[in-house]
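If you want the building blocks of each chain, they are given just below.
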Amino acid sequence: MTYTRADLRNELKDAHLGSTYWSDAKLNYYIATAIGGLYPTWWKRKVGTTTAGAGPLQTKPSNASNIYEIAIHDAAAPGRPRWLRGWSEGSTDAYIPVTQLGAGAITGKTLVWSYTTGWDIPGDDVTGVDLTAEAKEVVILKAKEMALQALLTDHLIQEKYLAQQVRPLINEQEIMSAIDSIHQTLQMKAQLAMKLPEVQR
């Protein structure tokens with residue numbers, strides 16, 4: 001599902017993080033940090049294609065990294081793409097030995113690149129981020145954890161926070177307990193997260 005930064009920030013505010021002690025800018029920072037920290041524990045698959053040159057160096061699709069499979073597809077030949085072996089990934093290209101295919105066998109054919117990635121960090125309140133339900137929950141938890149941790153280091157914010165709580169007896173120890181609970185939940189989710197696909201080379 002697609003969420004904007006404003007959607008995520010409003011959810012944080014609904015979690016009692018929306019008073020004067022946290023500005024929108026500060027909440028935006030927590031959201032950005034949380035989204036940026038999702039990968040590689042939480043990830044999504046992507047597939048890109050390029051037209052092969054003579055090789056052995058082949059240019060990767062734009063922004064592709066963390067490749068786990070490369071295949072070659074010949075539009076003139078029926079059947080599924082053929083997975084390649086013996087390749088190695090560079091920053092903008094990949095070394096694909098052509099000896100396994102024969103001289104000139106790769107030129108002009110379609111290379112299919114399978115890779116994993118995280119999520120782009122939104123720079124405004126209207127750009128959507130296509131988060132899975134699990135990833136979105138983790139973002140909210142991580143952002144909330146960071147916000148509460150700030151209470152323990154910024155005493156001015158802490159005083160405002162404690163003064164505005166419905167329960168007057170809330171204290172620093174309860175804040176620490178809330179942080180610990182969130183941290184344990186995140187650890188549990190990380191243990192259950194799907195592992196990155198095995199690199200096939």
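Look above for the structure.
First, a word on what this report is: a plain description of the structure on this page. Nothing here was measured: the structure is a model prediction, and the numbers come from that model.

1. Section: the sheet that holds strand S4 (residues 67-73)
Ordered in space as S2-S8-S4-S5, the four strands form an open sheet in which the pairing is antiparallel. Of all the strands in the sheet, just strand S2 (44-51) and strand S5 (82-83) have a single pairing partner and so form its edges. As defined by bridge partners, S4 adjoins strand S8 (residues 110-117) across six bridges and the pair is classed as antiparallel. Bridge pairing links histidine 73 to threonine 110 in S8.

2. Examining the pattern of salt bridges
The final tally for this structure, using the stated rule, is eight salt bridges. The salt bridge partner of aspartate 125 is arginine 5, with a shortest N-O separation of 2.8 Å. Of this pair, aspartate 125 sits in the loop between S8 and strand S9 (128-130) while arginine 5 sits in helix H1 (residues 5-17), and the two are 120 residues apart along the sequence. For aspartate 125, a relative accessible area of 29% gives the class partly exposed. Using a relative accessible area of 16% as the deciding quantity, one classes arginine 5 as buried. Among the salt bridges present, the one from glutamate 137 reaches lysine 189, with a minimum N-O distance of 3.3 Å.

3. Comments concerning the nonpolar core
Counting 30 residues, the largest nonpolar core has Leu8, Trp22, Tyr30, Leu38, Trp119, Leu131 and Val139 as the members making the most contacts within it. Those elements that place two or more of their residues in this core are H1, helix H2 (24-36), helix H3 (133-153) and helix H5 (172-192). The biggest single contributor to this core is H3, with eleven residues. Ignoring any residue separated from it by four or fewer positions in sequence, one finds tyrosine 30 in contact with Trp22, Ala143, Met146, Ala147 and Ala150. In terms of nonpolar packing, the next biggest core, distinct from the first, is built from 13 residues, Ala52, Ile67, Ile72 and Ile106 among them.

4. Quick notes on the layout of surface pockets
If you add up the space inside the second largest pocket, you get close to 220 Å³. Forming the walls of the second largest pocket are 15 residues, and the residues nearest its centre are Lys44, Lys46, Gly118, Trp119 and Asp120. No other element matches the three residues that S9 contributes to the lining of the second largest pocket. In the lining of the second largest pocket, the residues fall into five nonpolar, six polar and four charged.

5. Some thoughts on the environment of leucine 12
Assignment of secondary structure puts leucine 12 in helix H1. Using a relative accessible area of 0% as the deciding quantity, one classes leucine 12 as buried. Between the C-alpha atoms of leucine 12 and lysine 144, which are 132 residues apart in sequence, the distance is 6.9 Å.

6. Here we look at the sheet that holds strand S3 (residues 57-59)
Here we have three strands laid out as an open sheet, ordered S3-S7-S6, and antiparallel in their pairing. Every other strand in the sheet has two partners, leaving S3 and strand S6 (88-89) as the edge strands with one partner each. The pairing of S6 with strand S7 (residues 93-95) spans two bridges and is classified as antiparallel. Opposite glutamate 89, over in S7, you have alanine 94 as the bridge partner.

7. Some thoughts on the packing of aromatic side chains
Under the defined criterion, the tally for this structure stands at one aromatic pair. A cation over an aromatic ring shows up here: arginine 201 above the ring of tryptophan 87, its NZ or CZ 5.0 Å from the ring centre.

Procedures and definitions
- The numbers attached to residues start from 1 for each chain and follow its sequence in the written order.
- It should be noted that, the model being predicted, local features are given only for residues of pLDDT at least 70 and side-chain atom pairs only at 80 or more, the latter also being counted only at that level, while totals for whole chains, interfaces and linings use all residues.
- Only hydrogens and water are removed before side-chain values are computed, so all heavy atoms of the structure are retained for them.
- One requirement defines pairing of two strands: DSSP has to find at least two bridges between them.
- Strands are runs of DSSP state E lasting at least two residues, helices are runs of H or I lasting at least four, and both sets are numbered from the N terminus onward.
- In what follows, salt bridge is the name for a side-chain nitrogen of Lys or Arg lying within 4 Å of a carboxyl oxygen of Asp or Glu.
- Under the scheme applied here, a residue whose accessible area is under 20% of the maximum for its type counts as buried, over 50% as exposed, and between as partly exposed, the area being computed with a 1.4 Å probe on protein chains only.
- Remark: nonpolar core denotes a set of buried residues (Ala, Val, Leu, Ile, Met, Phe, Trp, Tyr, Cys) joined through side-chain atoms within 4.5 Å.
- Contacts are assigned to residue pairs with any non-hydrogen atoms lying within 4.5 Å of each other.
- Lining residues are those with an atom within 4 Å of a point, where the points come from a 1 Å grid over the protein atoms alone and group into cavities, where a 1.4 Å probe fits but cannot get out, or pockets, open sets with protein on both sides within 12 Å along at least five of seven lines.
- Grid points are joined across faces, edges and corners, and a volume is the space filled by probe spheres set on the points.
- Each residue is assigned to one class: nonpolar for Ala, Val, Leu, Ile, Met, Phe, Trp, Tyr, Cys and Pro, charged for Asp, Glu, Lys and Arg, and polar for all the others, Gly among them.
- Here the aromatic set is Phe, Tyr and Trp, taking the six-membered ring for Trp, and pairing holds for ring centres within 6.5 Å; pairs whose planes are under 30 degrees apart are stacked, those over 60 apart are edge-to-face, and all others are tilted.
- Criterion for a charge above a ring: Arg CZ or Lys NZ at most 6 Å from the ring centre, at most 35 degrees from the ring normal.

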